[in-house]
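Examination of the molecular architecture
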Amino acid sequence: MKKRKASEISPRKLPRQARSAQLVEATLEAAIRILTRDGAQRFTAARVAEEAGVSVGSLYQYFPNKESILFRLQTDEWRRTGELLDGIMGDRTREPERRLRDMVVAFFRSEWEEAALRTALGDAAPAYRDAPEVAEHRRSGRRRSLRFMAEMLPGATPQVRRFTGELVMGVTSAMGKNISERARSAAEVEAWGVAIGDMLCAYLRAQGHGPSDRVKSMKTRSGAGT
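Residues numbered from 1 in each chain as written. Predicted model: local features only at pLDDT ≥ 70, side-chain atom pairs only at ≥ 80, totals over all residues. Heavy atoms only, no water.

Details of the side chain of serine 145
Inclusion rule: Helix numbers and strand numbers start at the N terminus; a helix is a DSSP run of H or I with at least 4 residues, a strand a run of E with at least 2. Note on classification: 1.4 Å probe, protein chains only; a residue is buried when its accessible area is under 20% of the maximum for its type, exposed when over 50%, partly exposed between these limits. Contacts between residues were defined by any pair of non-hydrogen atoms, one from each residue, lying within 4.5 Å.
By the secondary structure assignment, serine 145 is in helix α7 (residues 132–152). Given the relative accessible area of 8%, serine 145 is considered buried. In this view, serine 145 contacts Gly165, Glu166 and Met169; residues no more than four positions away in its chain are not counted.

Okay, here's the thing in structure tokens:
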């Protein structure tokens, strides 16, 4: 099978003066408006330039194509979300269960508030899914999860912590996306977040400090079926 050629997504250069920084900011704001209003299918660099009130040539000084604009929006979103989760999950002044509940509620709220943008970015993901930065984003999420699971399950093996962390983050991500597309109000989002947070805390509490036998049993059953 022929490997799909990856698009160039790195910026051509970084803005060094106030005027060029304003141009990049106007470009990104215009890109968000087009993406949330018209979707990924109608997103083009020319439309972004027109919306931003800049020339296509000026835009291309910083972004080589539409994929690079989309990826910049995506990495900005990842950065915001990562900072949000790190701030909550890394706050050791609070008990781990309290942090887990707060993380779920905060993540659901951010998904709901940016639902249109995140949906559009999800549709655009094939344009940059093979980029090294995507793999690094996933690794960063796994590292965050493992650090937190070391607190939640101090007596568990690394294997169990990885499994449990992936389960918690997978459920949170999937439910956050689902709720953001269905919820009608902030209060409804809050209620879902509290419920899912309580459910995950109950699951982790049931694991205690030694759930390795359960995971080993799951692996044995999985291997028997292959």
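Now that the structure has been shown, the text picks up again.
Examining the pattern of salt bridges
The criterion, for reference: By convention in these notes, a salt bridge is any Lys or Arg side-chain nitrogen within 4 Å of a carboxyl oxygen on Asp or Glu.
In the structure shown here, the tally under the stated rule is 25 salt bridges. Between glutamate 114 and arginine 80 there is a salt bridge whose closest N-O contact spans 3.5 Å. Of this pair, glutamate 114 sits in the loop between α5 (96–113) and α6 (115–124) while arginine 80 sits in helix α4 (residues 66–89); the two residues are 34 residues apart in sequence, bridging distant segments of the chain. With a relative accessible area of 23%, glutamate 114 lands in the partly exposed category. The partner of arginine 94 in a salt bridge is aspartate 102, with the nearest N and O atoms 2.4 Å apart. Classification of arginine 94 as partly exposed rests on a relative accessible area of 27%. If you follow the salt bridges from partner to partner, you end up with Arg33, Arg37, Asp38, Arg47 and Glu51 in one network.

Things to note about the packing of aromatic side chains
The condition that has to hold: Note on aromatic pairs: the rings of Phe, Tyr and Trp (six-membered ring only in Trp) are paired at centre separations within 6.5 Å, and the planes decide the class, stacked below 30 degrees, edge-to-face beyond 60, tilted for the rest.
Here the structure, examined in full by the defined rule, presents one aromatic pair. A centroid spacing of 6.1 Å and a plane angle of 85° characterise the contact between phenylalanine 71 and tryptophan 78, whose relative ring orientation is edge-to-face. When its relative accessible area of 19% is taken as the criterion, tryptophan 78 is described as buried.

Regarding α7
Helical periodicity: at 3.6 residues per turn, an α-helix aligns residues three or four positions apart in one direction. Heads up, the rule is: To estimate the expected span of a helix, subtract one from its residue number and multiply by 1.5 Å. The reported arc concerns the directions from the helix axis to the C-beta atoms and nothing else.
For α7, which comprises 21 residues, the first-to-last C-alpha distance of 30 Å matches the rise-based estimate of 30 Å (1.5 Å per residue) to within 8%. By the burial criterion, the buried members of α7 are Val134, Arg144, Ser145, Phe148, Met149 and Met152. Looking straight down α7, one finds its buried side chains confined to an arc of 135°; they lie on one side.

Observations regarding the layout of surface pockets
This is how it is decided: With a 1 Å grid laid over protein atoms only, a set of points is called a cavity when a 1.4 Å probe fits there but cannot get out and a pocket when it is open yet has protein on both sides within 12 Å along at least five of seven lines; lining residues have an atom within 4 Å of a point. Grid points are joined across faces, edges and corners, and a volume is the space filled by probe spheres set on the points. Just so you know the grouping, Ala, Val, Leu, Ile, Met, Phe, Trp, Tyr, Cys and Pro go in nonpolar, Asp, Glu, Lys and Arg go in charged, and all remaining residues, Gly too, go in polar.
In this structure, the largest pocket encloses a volume near 1100 Å³. If you go around the largest pocket, you meet 36 residues; those closest to its centre are Trp78, Phe107, His137, Arg138 and Ser173. Secondary structure elements with two or more residues in the lining of the largest pocket: α4, α5, α6, α7 and α8 (158–182). The element that contributes the greatest number of residues to the lining of the largest pocket is α8, accounting for eleven residues. Taken together, the residues of the lining of the largest pocket break down into eleven nonpolar, 13 polar and twelve charged.

Digging into the environment of alanine 156
As for its position among the elements, alanine 156 is in the loop between α7 and α8. Residue alanine 156 is classed as buried on the basis of its relative accessible area of 8%. Counting along the chain gives 51 residues from alanine 156 to glutamine 207, while the straight-line C-alpha distance between them is 8.9 Å.

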